[in-house]
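Secondary and tertiary structure notes
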Amino acid sequence: MRKTLKVDLKLKNKLDEKIYNFFTIISEVALKLKMKAYAVGGMVRDLIMDIPIKDIDIVIEGNAIEFAKEFSTIVGGKLIAHNEFKTASVIINGEKIDFATARQEYYDEISSGLPHVEESSLKLDLYRRDFTINTLAISLNENFGELIDYFGGVKDIKDKKIRILHNLSFIEDPTRVFRALRFAEKFNFLLGQQTEKLMKNALELGVLNTVSKNRLFLEFSLVLKEEKVVEILKKINDYKIFKYLHKEFYIDENCFNLINTGKDFVKMCTFFCPIEFRIEAIYFSILKFCFRKKFNLTNILGIVDSKIEKIYSQMIQINVFLSKRRKKSEIYFFLKPMALEAQIAAFAISKSNYVKEALISYIRDLQFIKPLVSGKDLITLGFKPSAIFGKILNDCFEKQIEGEFTSKQEAIDYIKNKYLN
Ligand code: ATP
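Okay, so let's go over this structure. Please read all numbers here as calculations on a predicted model, not as lab measurements. Sequence order as written defines residue numbering, which begins from 1 separately in each chain. Restriction of local features to residues with pLDDT of at least 70 applies here, the model being predicted, together with a cutoff of 80 or more for giving and counting side-chain atom pairs; totals for whole chains, interfaces and linings are based on all residues. In computing side-chain values, all of the structure's heavy atoms are included and hydrogens and water are not.

Quick notes on the overall build of the protein
Convention followed: Secondary structure elements follow DSSP: runs of H or I no shorter than four residues count as helices, runs of E no shorter than two count as strands, and numbering proceeds from the N terminus. Throughout, the radius of gyration refers to the C-alpha atoms, and the reference size of a globule is 2.2 Å times the residue count to the power 0.38. Accessibility here uses a 1.4 Å probe with only protein chains present; expressed as a share of the type maximum, an area under 20% marks a residue as buried, one over 50% as exposed, and anything in between as partly exposed. Contact criterion: two residues are considered in contact whenever any of their non-hydrogen atoms come within 4.5 Å of each other. Lys and Arg are tallied as positive, Asp and Glu as negative. Neither His nor the chain termini are counted. To locate a charge, take atom NZ for lysine, CZ for arginine, CG for aspartate or CD for glutamate.
When helices and strands are counted, the protein shows 21 helices and 10 strands. What you see for the protein is a C-alpha radius of gyration of 27 Å, clearly larger than the 22 Å of a compact globule of 421 residues, by over 25%. Principal axes of the C-alpha set define a box for the protein whose edges measure 90 × 55 × 35 Å. Residues classed as buried in the protein amount to 51% of the 421 residues present. Sequence separation of at least 24 residues holds for 67% of the intrachain contacts in the protein that already meet a minimum separation of 6. Of the side-chain charges in the protein, 66 are positive and 55 negative, and the distance between the mean point of each set is 4 Å.

Some remarks on the packing of helix H8 (residues 176–187) against helix H11 (residues 229–238)
Short version of the rule: Structural elements are reduced to axes, namely lines fitted to C-alpha atoms, with helices fitted over the stretch in contact, and the angle between N-to-C directions of any two is expressed from 0 to 180 degrees. Note on angle classes: values under 35 degrees are labelled roughly parallel, values over 145 roughly antiparallel, values of 65 to 115 roughly perpendicular, and the remainder oblique. It is the rotation of the near helix from the far one that decides the hand of a crossing: anticlockwise by less than a right angle makes it left-handed, clockwise makes it right-handed.
Interaxial distance between H8 and H11 falls to 9 Å at its minimum, and their mutual angle equals 130°. With respect to their mutual orientation, H8 and H11 come out oblique. Seen along the crossing, H8 lies across H11 with a hand that is right-handed. Of H11, the residues touching H8 (which contributes Phe-178, Leu-181, Arg-182 and Glu-185) are Glu-231, Ile-232, Lys-235 and Ile-236.

Section: the side chain of Asp-125
Inspection of the secondary structure puts Asp-125 in helix H5 (residues 121–127). Asp-125 gets classed as buried once you look at its relative accessible area, which sits at 5%. Setting aside chain neighbours within four positions, we find Asp-125 in contact with Val-59, Thr-101, Ala-102 and Arg-103.

Quick look at the state of the cysteines
For clarity, the cut-off: Pairs of cysteine sulfur atoms within 2.5 Å are identified as disulfides in what follows.
All chains considered together, the criterion is met by zero disulfides. With no disulfide partner, Cys-273 has as its closest neighbouring cysteine sulfur the one in Cys-269, 5.3 Å distant. Classification of Cys-273 by relative accessible area gives buried; the value is 7%.

Comments concerning the nonpolar core
Convention followed: The set of buried Ala, Val, Leu, Ile, Met, Phe, Trp, Tyr and Cys residues whose side-chain atoms join them within 4.5 Å is what this entry labels a nonpolar core.
In this structure, Ile-58, Phe-99 and Leu-233 are the most contacted members of the largest nonpolar core, which totals 125 residues. Not counting the four nearest positions on each side in its chain, Ile-58 is found in contact with Phe-23, Ile-26, Ala-37, Tyr-38, Ala-39, Ile-97, Asp-98, Phe-99, Ala-100 and Leu-140. Judged by nonpolar contacts, the second largest core, of 12 residues, contains Ala-102, Leu-126, Ala-137 and Ile-148.

Let's talk about the site of the ligand
Convention followed: Each residue is tested against the molecule or strand, and it is near if at least one of its non-hydrogen atoms lies within 4 Å. Polar contact is the term for a pair of N or O atoms within 3.5 Å; when the atoms are in protein, one must be able to donate a hydrogen and the other to accept it, and sequence-neighboring residues count only if both atoms are side-chain atoms. Surface exposure here means Shrake-Rupley accessible area, sampled with a 1.4 Å probe, where a residue is shielded only by the protein chains that are shown. Gly counts as polar in this scheme, as do all residues outside two lists: the nonpolar Ala, Val, Leu, Ile, Met, Phe, Trp, Tyr, Cys and Pro, and the charged Asp, Glu, Lys and Arg. For the purposes of this description, domain bounds are those given by an automatic or database domain assignment.
If you check the shell around the ligand, you find 18 residues, and the closest are Arg-45, Asp-173, Arg-176, Arg-182 and Lys-186. Here Arg-45 contributes a side-chain N or O atom positioned 2.8 Å from an oxygen atom of the ligand. Between an oxygen atom of the ligand and a side-chain N or O atom of Arg-129, the distance comes to 3.3 Å. Burial of the ligand by the protein amounts to 79% of the accessible area it has alone, namely 590 Å². Of all the elements in the fold, those that place two or more residues in the shell around the ligand are helix H3 (42–48), H8 and helix H10 (213–225). If one sorts the elements of the shell around the ligand by residue count, H8 sits on top with five residues. Of the residues assigned to the shell around the ligand, the class counts are two nonpolar, four polar and 12 charged. When we break the shell around the ligand down by domain, the ones giving at least three residues each are domain 1 (1–159) and domain 2 (160–251).

Here's the deal with the pairing of strand S3 (residues 56–61)
Note the following rule: What makes two strands pair is DSSP finding at least two bridges between them.
Burial analysis of S3 places five of its six residues in the buried class, which makes it a mostly covered element. Where strand S2 (residues 36–40) and S3 come together, five bridges link them in antiparallel fashion. Within S3, the residue paired with Ala-39 across the bridge is Ile-58. With five bridges joining them, S3 and strand S6 (residues 95–101) adopt parallel strand pairing.

Examining H8
Quick reminder of the rule: The span you would expect from a helix comes to 1.5 Å times its residue count less one.
With 12 residues, H8 should reach 16 Å at 1.5 Å per residue; the first-to-last C-alpha distance of 16 Å fits that figure. Every buried residue of H8 is listed here: Arg-176, Val-177, Phe-178, Arg-179, Ala-180, Leu-181, Arg-182, Phe-183, Ala-184, Glu-185 and Phe-187. Of the residues one or two after H8, Asn-188 is the one with positive phi, at around 65°.

Some remarks on the pattern of salt bridges
For clarity, the cut-off: Salt bridge, as used here, is a side-chain nitrogen of Lys or Arg placed within 4 Å of a carboxyl oxygen of Asp or Glu.
Enumeration over the complete set of coordinates arrives at 28 salt bridges. Among the ionic pairs, Glu-226 bridges to Arg-182, the shortest N-O distance being 2.8 Å. Linking Glu-226 in the loop between H10 and H11 with Arg-182 in helix H8, this pair joins segments that are 44 residues apart in sequence. Salt bridges sharing common partners tie together Asp-130, Arg-179, Arg-182, Lys-186, Glu-219 and Glu-226.

Points about the side chain of Thr-132
With respect to the secondary-structure elements, Thr-132 resides in the loop between H5 and strand S7 (137–139). You can call Thr-132 buried: its relative accessible area is 2%. Polar contacts involving the side chain of Thr-132 include one to the side chain of Asp-156, which spans 2.6 Å. When residues no more than four places from it in sequence are discounted, the contact partners of Thr-132 are Phe-151, Gly-152, Gly-153, Asp-156, Arg-163, Ile-164 and Leu-165.

Re the pairing of S6
Across the seven residues of S6, five count as buried, placing the element largely inside the fold. Here strand S5 (residues 87–92) pairs with S6 via six bridges, running antiparallel. Residue Ser-89 lies in a different strand from S6, and its bridge partner there is Asp-98.

Below, the structure written as structure tokens:
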């Protein structure tokens, strides 16, 4: 029996009008294709908790790719299908909606080891999830807007509890250890008593060592992306979880201080350069630096892409470069090709005021300097395009960065004096 709750989610009020309209279209597609569609996961949880929703995940009882195709045709979105996973994403004006085919196979490992009688694909799909608070669904079918709660997710949200769905959950997927503490800290929830006990048992069994490095890093990087990164890492420390990965892995106060310094500097940088950057790369680099004498963090947690390793190495290079006093123009040309993440991490790990001042000056002012003189100006002055152009422009730009001239006329006069006489 499907457990639906007549909770008035006030979907129309709570959802952005655009998303609400997508949901009504999804509902029409479901009717047309004779499939069932449900909004699931974090989105429903966040809606109930009255916090802004991020991702939109739809589970389809039926073929999700066929469903997403029809939906994308109606809304004029871009379809990306992943045949091997029976999932698809539709991108509409930068908004992404993920469609997944409800997973049906499922064995109850705790009881008999025999397959459960299928109640509904949705229920089986939700049973595979990590915590009860993530198992809520909203029907987008005839009973549009009805909340489906098979596993007591609403009660756990009310009770502020993180609870797993079955006793083998942490054994089945040890990365849930990180997820449990991440959600607990993020929402200010507690682990359920049984959940906490089972988590500790699983850790004692060494389950974390059975996880592939990529998965471990992916889950750990979700921790590093959270606003409450420090609080979550402290929780992970409290449960001595890192020691199951390496006996010397424990984050000390000094390291937390560096992360906090990085966090504060991130705020300033977001203000001066409102560009997207990978916050997890900054904290990962700081952590890696803290542990460099004991072990290589990459070997322990794994890594998913080379960009993060590059950021770490740039962070080190920046600190080495700025260990000597440099001219402003040298700082400009050195930092220009470096990732902002590396600059922030370099700021965080440095104890030198000079390094910090140089980085602030680059991020706040230097990086925005635009050359006063261009190749066109040189042509106007009578130069014939040739290799000398680069030399003159560079020379001129360097002087400009050093503050030797502030107006274009001064720069042109300099060129005339030096190169035309
Ligand atoms: P957040 O808002 O922090 O991103 P989320 O719930 O959307 O939270 P995701 O990591 O994006 O978190 O996962 C999406 C959904 O996929 C979750 O709600 C959960 O149901 C499911 N999920 C993710 N990872 C696991 C896992 N390791 N085991 C079981 N279910 C998982």
